[in-house]
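Here's the letter readout for the chains.
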Amino acid sequence: QAQLVESGGGLVQPGGSLRLSCAGSGFTFSNHGMSWYRQAPGKEREFVASISAGRITNYADSVKGRFTISRDNTKKTVNLQMNSLKPEDTAVYYCKAFVWWGQGTQVTVSS
């Protein structure tokens, strides 16, 4: 069955950077668009970024210019490079492919 496993979360100071990674298995990775979502405490899950099978990218306005999504079909991974992090970026970050979700990885931005 399809599986998505995120990694790379942690605690970082405002202005810092983190790189999230999501490894996919159990499906034809290269055929699927991949997305990142996040959910902050007390808030609904929201879209962060996506990359299509053809490598077309899309970003939420709140992260444009700071986050970069990329994919490596050989390694079956999708990455999210997050720079200039702000406290409001604090959330659990989830990877999604089609109808499948990962378990999430916590990102905390705090001094």
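Residues numbered from 1 in each chain as written. Predicted model: local features only at pLDDT ≥ 70, side-chain atom pairs only at ≥ 80, totals over all residues. Heavy atoms only, no water.

1. Side note on the packing of aromatic side chains
- Enumeration over the complete set of coordinates arrives at six aromatic pairs.
- Taking the centre distance of 5.1 Å and the plane angle of 65° together, the rings of tyrosine 37 and tryptophan 101 count as edge-to-face. Note that tyrosine 37 is positioned in strand 4 (residues 34-39) and tryptophan 101 in strand 10 (residues 100-101), a separation of 64 residues in sequence.
- The exposure class of tryptophan 101 is partly exposed, given its relative accessible area of 35%.
- Taking the centre distance of 6.4 Å and the plane angle of 85° together, the rings of tyrosine 94 and tryptophan 101 count as edge-to-face.
- Here the aromatic residues Phe27, Phe29, Phe98 and Trp100 are joined through ring pairs into a cluster of three or more.
- The lysine or arginine in question, arginine 45, covers the ring of tryptophan 101, its NZ or CZ lying 4.6 Å from the ring centre. (Phe/Tyr/Trp six-rings, centres within 6.5 Å; stacked < 30°, edge-to-face > 60°. Helix = DSSP H or I, 4+ residues; strand = E, 2+ residues; numbered from the N terminus. Buried < 20%, exposed > 50% of the residue type's maximum accessible area, 1.4 Å probe, protein only. Lys NZ or Arg CZ within 6 Å of the ring centre and 35° of its normal.)

2. Remarks on the nonpolar core
- Met34, Trp36, Val78, Leu80, Met82 and Tyr93 are the most contacted members of the largest nonpolar core, which totals 28 residues.
- Every element with two or more residues in this core is listed here: strand 3 (18-25), strand 4, strand 5 (46-51), strand 7 (67-72), strand 8 (77-82), strand 9 (91-97) and strand 11 (105-109).
- With four residues, strand 9 is the largest single contributor of residues to this core.
- Not counting the four nearest positions on each side in its chain, methionine 82 is found in contact with Gly16, Ser17, Leu18, Leu20, Arg66, Phe67, Tyr93 and Val107. (Core = buried A, V, L, I, M, F, W, Y, C linked by side-chain atoms within 4.5 Å. Contact = heavy atoms within 4.5 Å.)

3. Notes on the pairing of strand 4
- Among the six residues of strand 4, five are classified as buried, and the element is accordingly described as predominantly covered.
- Where strand 4 and strand 5 come together, five bridges link them in antiparallel fashion. Residue tyrosine 37 lies in a different strand from strand 5, and its bridge partner there is phenylalanine 47.
- Adjacent in sequence and paired antiparallel, strand 4 and strand 5 are bridged by six residues, among which glycine 42 carries a positive phi angle near 75°.
- Inspection of the sheet shows strand 4 paired to strand 9 by six bridges, in the antiparallel sense. When the bridges of strand 9 are listed, methionine 34 appears paired with alanine 97. (Pairing = 2+ DSSP bridges.)

4. Here's the deal with the sheet that holds strand 8
- Sheet architecture is open: four strands sit in the order 1-3-8-7, paired in antiparallel fashion. A single partner strand is all that each edge strand has here, and the edge strands are strand 1 (3-7) and strand 7. Going from strand to strand, the sheet's axes swing by 15° on average, the running direction of each strand aside.
- Note: strand 7 against strand 8, six bridges, orientation antiparallel. Each bridged residue has a counterpart across the sheet, and for arginine 71 the counterpart in strand 8 is valine 78. (Axes fitted to C-alpha atoms, helices over the stretch in contact; angles between N-to-C directions.)

5. Here we look at unusual backbone geometry
- Backbone geometry at serine 84 places phi at a positive 50°, although glycine is not the residue there.
- Its place among the elements puts serine 84 in the loop between strand 8 and strand 9.
- The backbone phi angle of phenylalanine 98 is positive, close to 55°, even though this residue is not glycine.

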